[in-house]
Amino acid sequence: MITSYQFTEILMGTMFFILAYFMVLYFTVTGKIIYWDIIWCTISILIILTLKYLIINYYILQSQNFSSNNNIND
């Protein structure tokens, strides 16, 4: 149900997030970087982006189904 463009955006967004978040922590944290924090936040971003596209596609599918039912039943 996820298009190839959306799948690519999820992967690229997640990879960019890992890099950006690591660089922010590297330049701002004076102590030791907690790698579990990076992994946990990356998994959260992956889930959020995936749910975003699944919900968007669901509502697009519902609106197309609703409009076709109106045309048939009228």
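Residues numbered from 1 in each chain as written. Predicted model: local features only at pLDDT ≥ 70, side-chain atom pairs only at ≥ 80, totals over all residues. Heavy atoms only, no water.

Asks: Which parts of the structure should I look at to understand a nonpolar patch on the surface?
Replies: A surface patch of nonpolar side chains, about 1,300 Å² in accessible area, is lined by Met1, Ile34, Trp36, Ile39, Ile43, Ile47, Leu51, Leu54, Ile55, Tyr58, Tyr59 and Leu61. What makes isoleucine 47 partly exposed here is its relative accessible area of 47%. (Patch = residues over 30% accessible without salt bridge, like charges linked within 9 Å, V, L, I, M, F, W, Y side chains within 5 Å. Areas by Shrake-Rupley, 256 points an atom, 1.4 Å probe, with all protein chains shown as cover. Salt bridge = Lys/Arg side-chain N within 4 Å of Asp/Glu carboxyl O. Buried < 20%, exposed > 50% of the residue type's maximum accessible area, 1.4 Å probe, protein only.)

Asks: What's the story with the packing of aromatic side chains in this structure? I'm lost.
Replies: In this description, a pair of aromatic rings is defined by centroid distance and the angle of the planes. This model, assessed by the stated rule, comprises five aromatic pairs. Where phenylalanine 17 meets tyrosine 21, the ring centres are 5.4 Å apart and the plane angle is 10°; that geometry is what we call stacked. Taken together, the positions of phenylalanine 17 and tyrosine 21, both in helix α1 (residues 4-28) and four residues apart, correspond to about one turn of that helix. Centroid distance tyrosine 58 to tyrosine 59: 5.3 Å. Interplanar angle 70°. Geometry classified as edge-to-face. Tyrosine 59 sits in the exposed class, given a relative accessible area of 55%. Cluster of aromatic residues (ring-pair linked, three or more members): Phe22, Tyr26, Phe27 and Tyr35. (Phe/Tyr/Trp six-rings, centres within 6.5 Å; stacked < 30°, edge-to-face > 60°. Helix = DSSP H or I, 4+ residues; strand = E, 2+ residues; numbered from the N terminus.)

Asks: Any chance you could explain the environment of threonine 50 here in plain terms?
Replies: Structurally, threonine 50 is set in helix α2 (residues 35-73). For threonine 50, a relative accessible area of 25% corresponds to the partly exposed category. If sequence neighbours within four positions are ignored, threonine 50 has contacts with Ile2 and Ile10. A distance of 2.8 Å separates a polar atom in the side chain of threonine 50 from the backbone oxygen of leucine 46. (Contact = heavy atoms within 4.5 Å. Polar contact = N/O pair within 3.5 Å; in protein donor to acceptor, adjacent residues only side chain to side chain.)

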